[in-house]
Amino acid sequence: MTNEQPVIQVDNITKKFGNVEAVRETSFTVNAGEFITILGTSGSGKTTLLKMLNRLIEPTSGAIYIDGENTKDVNVNILRRRIGYVIQQHGLFDHWTVEQNIATVCNILKWDKQKTAQRIDETLRLVQLDPAKYRKRHPHQLSGGEQQRVGIARALAADPKILLMDEPFGAIDAVNRAKLQDELKEIQKTTGKTIIFVTHDIDEALKLGNRTMLFKDGKIQQFDNKNELFLHPQNEFVGDFLGVSKQLSKWRYLSAKSLIKQWKPVGGQLNNAIDADAIVAKVVERLLKRPADPVQVVDRDENKVGYVRLNEISEMVGAI
Ligand SMILES: Nc1ncnc2c1ncn2[C@@H]1O[C@H](COP(=O)(O)OP(=O)(O)OP(=O)(O)O)[C@@H](O)[C@H]1O
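Here the residue numbers are simple positions, counted from 1 along each chain's written sequence. Reporting in this predicted model follows two pLDDT cut-offs: at least 70 for local features of residues, and 80 or more for side-chain atom pairs to be given and counted; totals over whole chains, interfaces and linings ignore these cut-offs and use all residues. With hydrogens and water set aside, each side-chain value is computed from the structure's full complement of heavy atoms.

### Some points on the domain arrangement of the chain
Convention followed: Note that the domain bounds reflect an automated or database-derived domain assignment. Only heavy atoms matter for contacts: two residues are in contact if any of them lie within 4.5 Å across the pair. Buried area: the accessible surface (1.4 Å probe) lost by two parts on joining, summed over both. Here, a salt bridge means any side-chain nitrogen of Lys or Arg that lies within 4 Å of a carboxyl oxygen of Asp or Glu. Under this definition, polar contacts are N or O atom pairs within 3.5 Å; protein pairs additionally need one hydrogen-donor-capable and one acceptor-capable atom, and for neighbouring residues in sequence, both atoms have to be side-chain atoms. Helix and strand assignments follow DSSP, with helices taken as H or I runs no shorter than four residues and strands as E runs no shorter than two, numbered in order from the N terminus.
By domain assignment, the chain separates into domain 1 (8-247) and domain 2 (253-317). Between the C-alpha centres of domain 1 and domain 2 there is a distance of 35 Å. Across the boundary between the two partners, domain 1 contributes seven residues, which contact six residues of domain 2. Together domain 1 and domain 2 conceal approximately 570 Å² of surface at their shared face, both sides included; 59% is due to carbon and sulfur atoms. Along the contact surface separating domain 1 from domain 2 lie zero salt bridges. Connecting domain 1 to domain 2 are one residue pair in polar contact (both at pLDDT 80 or more). Listed by contribution, the elements that provide at least two residues to the side of domain 1 that touches domain 2 are α8 (202-208) and α9 (226-231).

### Overview of the pattern of salt bridges
Going by this rule: For each residue, the accessible area found with a 1.4 Å probe, counting protein chains only, is set against the maximum for its type, and the residue is called buried under 20%, exposed over 50%, and partly exposed in between.
Going through the model one piece at a time under the given rule, you end up with 17 salt bridges. Residue arginine 135 pairs with aspartate 121 through a salt bridge whose shortest N-O separation is 3.0 Å. Highlighted residues: arginine 135 in the loop between α5 (131-134) and α6 (144-156) and aspartate 121 in helix α4 (residues 113-126), separated in sequence by 14 residues. Under the relative-accessibility criterion, arginine 135 is labelled partly exposed at 26%. According to the relative accessible area criterion, aspartate 121 is buried, its value standing at 16%. If you follow the salt bridges from partner to partner, you end up with Arg119, Glu122, Asp159 and Lys193 in one network.

### Details of the sheet that holds strand β4 (residues 61-66)
Formally: Criterion used throughout: strands pair if DSSP finds at least two bridges between them. Working convention: axes come from line fits to C-alpha atoms, limited for helices to the stretch in contact. Angles between N-to-C directions cover 0 to 180 degrees.
What the four strands build is an open sheet, ordered β2-β1-β4-β5; its pairing is antiparallel. Edge positions in the sheet fall to β2 (20-31) and β5 (69-70), since each has one partner strand and no second. The pairing of strand β1 (residues 6-17) with β2 spans eight bridges and is antiparallel. Pairing of proline 6 across the sheet is with asparagine 31, part of β2. Here helix α1 (residues 46-53) sits on the sheet in contact with β1, β2 and β4, set at roughly 125 degrees to β1.

### Observations concerning the site of the ligand
Let me state the cut-off plainly: Being near a molecule or strand, for a residue, comes down to having at least one heavy atom within 4 Å of it. Areas reported as accessible are Shrake-Rupley estimates using a 1.4 Å probe. Residue values count occlusion only from the protein chains shown. The residue classification treats Ala, Val, Leu, Ile, Met, Phe, Trp, Tyr, Cys and Pro as nonpolar and Asp, Glu, Lys and Arg as charged. All others, Gly included, are polar.
Around the ligand sit Phe17, Val20, Ala22, Thr41, Ser42, Gly43, Ser44, Gly45, Lys46, Thr47, Thr48 and His200, and that is every residue in its neighbourhood. The contact in question runs from an oxygen atom of the ligand to an N or O atom on the backbone of serine 44, over 3.0 Å. Here glycine 45 contributes a backbone N or O atom positioned 3.0 Å from an oxygen atom of the ligand. Protein chains bury 58% of the 630 Å² of accessible surface belonging to the ligand in isolation. For the shell around the ligand, the secondary structure elements donating two or more residues are β2 and α1. Counting residues per element, the shell around the ligand draws most heavily on α1, which supplies three residues. Partitioning the shell around the ligand into residue classes produces three nonpolar, eight polar and one charged.

### Observations regarding the layout of surface pockets
Cut-off, in case you're wondering: Both cavities and pockets are sets of points on a 1 Å grid over the protein atoms alone; in a cavity a 1.4 Å probe fits but cannot get out, in a pocket the set is open with protein on both sides within 12 Å along at least five of seven lines, and lining residues sit with an atom within 4 Å of a point. Grid points are joined across faces, edges and corners, and a volume is the space filled by probe spheres set on the points.
In this structure, the second largest pocket encloses a volume near 480 Å³. The wall of the second largest pocket is formed by 17 residues, among which Arg80, Ile83, Tyr85, Val105 and Arg154 lie closest to the centre. Secondary-structure elements contributing two or more residues to the lining of the second largest pocket are α2 (76-82), β6 (83-87), α3 (98-108) and α6. For the lining of the second largest pocket, the class distribution of residues is nine nonpolar, five polar and three charged.

### Describing the nonpolar core
Just so we agree on the cut-off: Take the buried residues of types Ala, Val, Leu, Ile, Met, Phe, Trp, Tyr and Cys, join any two whose side-chain atoms come within 4.5 Å, and each joined set is a nonpolar core.
By size, the foremost hydrophobic cluster in this structure holds 29 residues, and its most contacted members are Ile102, Met165, Leu184 and Phe197. Among the elements of the structure, α3, α4, α6, β7 (162-166), α7 (174-191) and β8 (194-199) are those that each provide at least two residues to this core. No other element matches the five residues that α6 contributes to this core. Apart from residues lying up to four places away in sequence, isoleucine 102 is in contact with Ile120, Thr123, Leu124, Val150, Ala153, Arg154 and Ala157. Ranked by size, the runner-up nonpolar core spans 27 residues in total, among them Val23, Leu49, Leu53 and Ile196.

### A short note on empty space enclosed by the protein
Any space left empty among the atoms is revealed by the rolling of a water-sized probe across them. Across all of its chains, the model carries one cavity of 30 Å³ or more by this definition. By volume, the largest cavity is sized at about 30 Å³. Contributing to the lining of the largest cavity are Val127, Arg149, Ile152, Leu180, Glu183, Leu184 and Ile187. Those elements that provide at least two residues to the lining of the largest cavity are α6 and α7. Element by element, the count of residues in the lining of the largest cavity is highest for α7, at four residues. Residues of the lining of the largest cavity, tallied by class, amount to five nonpolar, no polar and two charged.

The following block contains the structure:
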């Protein structure tokens, strides 16, 4: 859930490396508690954009505000403590134990031993690692997935409001990657962090992000939730990139909500209801189980209901 409060405001930033414009006149806003994924072609400027948020790269022009404060006016070290950063190759110090790695920022903040030890255990539990088992290990004694978990624990140690993640699961096998994605989503839900997550993987971007930014040639092509990206791609690139023409993608990613043309007030019993956020495939599954009954799509927040019938669904899915 987001609370519609801008935590990041990017105002017309451009980054030039010599003649190369890596990011061009880009503006966007991110609200507190959002999980934003950034997707795009190789070399499109995703990493450059991310690194400008914590001033690892300074914009050539434009401004970035975090909590309303221009990042240019904030001491870089203070800024980076407020913003956790996770990269693909975890960036752990090999000669340090897991606990020493996680304690890096706590030590900079001069936390006492007890507070630091407590936080190490807390963050390890958050990333599903048993502190007693992992505290004293070195990074080379961990699997790739475990290293990445420690990387996330370290980024969370100082309890930053924002987490920047640059292809954090890029080098992890598919099974562990799916597990890490689920865990990260859970961490985000329980901690309310604002996350900006760069990935090459369309499935990962759509699964994790409540909004996804599509990036090409240093510019945002579209920044929307997945329903909007599929239903209203703003240009050919977005359509092609997401494979909007492929029915399969629609069925996998669209929610039941998108099938409803007209919401009606709730009346009487809801005995075959499905959540508005359920994917279309679930609606179809339900319809096939009880072909005679319409499925009632329920939007809990707004207490509304819409109906989908089997004989209508192929027509509806075909039209969206
Ligand atoms: N330090 C630099 N000096 C010169 N050019 C750079 C520098 N960093 C990035 N670039 C260029 O800026 C453009 C954007 O690079 P960036 O790494 O942001 O892209 P990306 O979308 O993250 O790519 P990938 O998905 O391949 O990691 C590229 O053309 C790249 O070559």
